[in-house]
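Descriptive analysis of the structure
Each chain is listed here by its residues.
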Amino acid sequence: MIHAADIREWRNRSVVDPKGHKIGVLEAVYVDTTTDEPAMATIRTGLPTRRHLAFVPLDEAILGPGYVKVSHTKTLVKKAPSLGMDDILPAESEEAIFQHYDMPYQTGAGGERQLARR
């Protein structure tokens, strides 16, 4: 698991799937607003002229020398909900990310977002 203090160190590192296939480059980390622990990352993927940011959970992420290994396949991550390079995550789009990975989604008691970018 990536610790909150380490987040800035891992930006721009390669992100690989369990078999070591490169998915893209880590762009940003989103923390769970209830625990303030890293929960999701956005990964720069696509061709240089058509880049976008795909979301991937950081559960069971492993940090290596120059890479972050996630527990989801490259194919699954490439099909995940994504954003344009300059876009921000709308609150109403959060649930779709969790559903894509068959993860439970729950807003805060007052309807707060579950994810916050760090």
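This paragraph deals with the environment of Lys19. Tracing the backbone shows Lys19 in the loop between strand 1 (14–16) and strand 2 (22–32). What makes Lys19 exposed here is its relative accessible area of 72%. Each C-alpha atom, one on Lys19 and one on Leu76, is 13 Å from the other, the two residues being 57 residues apart in sequence.

So, on to the pairing of strand 4 (residues 52–57). For strand 4, the buried fraction is high: 5 of the 6 residues fall into the buried class. Of the strand pairs in this sheet, strand 3 (residues 38–45) and strand 4 are connected by 6 bridges, and their pairing is antiparallel. The residue of strand 4 that forms the bridge with Met40 is Pro57. A loop of 6 residues connects strand 3 with strand 4, the two strands running antiparallel in sequence, and Gly46 in this loop sits at a positive phi of about 95 degrees. By the bridge criterion, 3 bridges tie strand 4 to strand 7 (residues 82–84) in an arrangement that is antiparallel. Bridge pairing in strand 7 links Ala54 to Ser82.

Below, the discussion takes up the side chain of Gln114. Relative to the helices and strands, Gln114 is located in the loop between helix 3 (94–100) and strand 8 (115–117). A distance of 2.9 Å separates a polar atom in the side chain of Gln114 from the backbone nitrogen of Gln106. Leave out the neighbours within four places in its chain, and Gln114 touches Val31, Asp32, Thr33, Glu94, Phe98, Tyr105 and Gln106.

Our next topic: the confidence of the model for the protein chain. Fine structural detail should not be taken from predicted coordinates in areas where pLDDT scores are low. When pLDDT is averaged along the protein chain, the result is 86, and 91% of the positions lie at 70 or above. Mean pLDDT values for the elements of the protein chain range from 72 in helix 1 (residues 7–10) up to 96 in strand 1.

What follows is about the pairing of strand 3. Of all 8 residues that make up strand 3, 8 are buried, and the element is covered over most of its length. Two strands pair when backbone bridges link them, and strand 2 and strand 3 are joined in this way by 6 bridges, in the antiparallel orientation. Pairing of Leu26 across the sheet is with Ile43, part of strand 3. Turn length for the strand 2-strand 3 hairpin, with the two strands adjacent in sequence and antiparallel, is 5 residues, and the turn residue Asp36 shows positive phi of about 60 degrees.

Calculation rules
- The written sequence of each chain sets the order in which its residues are numbered from 1.
- This being a predicted model, a pLDDT of at least 70 is required before a residue's local features are given, and a value of 80 or more before pairs of side-chain atoms are given or counted; all residues contribute to the totals for chains, interfaces and linings.
- Think of the side-chain values as coming from all heavy atoms in the structure, minus any hydrogens and water.
- In this description a helix means any DSSP run of H or I spanning at least four residues, a strand means any run of E spanning at least two, and both kinds are numbered starting from the N terminus.
- Accessible area is worked out with a 1.4 Å probe on protein chains only. A residue is then buried under 20% of its type maximum, exposed over 50%, and partly exposed in between.
- Strand pairing is assigned whenever DSSP detects at least two bridges linking the two strands.
- For this analysis, a polar contact is any N or O atom pair within 3.5 Å, provided that within protein one partner can donate a hydrogen and the other can accept it, and provided that sequence-adjacent residues contribute only side-chain to side-chain pairs.
- We call two residues in contact when some of their heavy atoms are within 4.5 Å.
- A residue's pLDDT is the predictor's confidence in that residue, given on a scale from 0 to 100.

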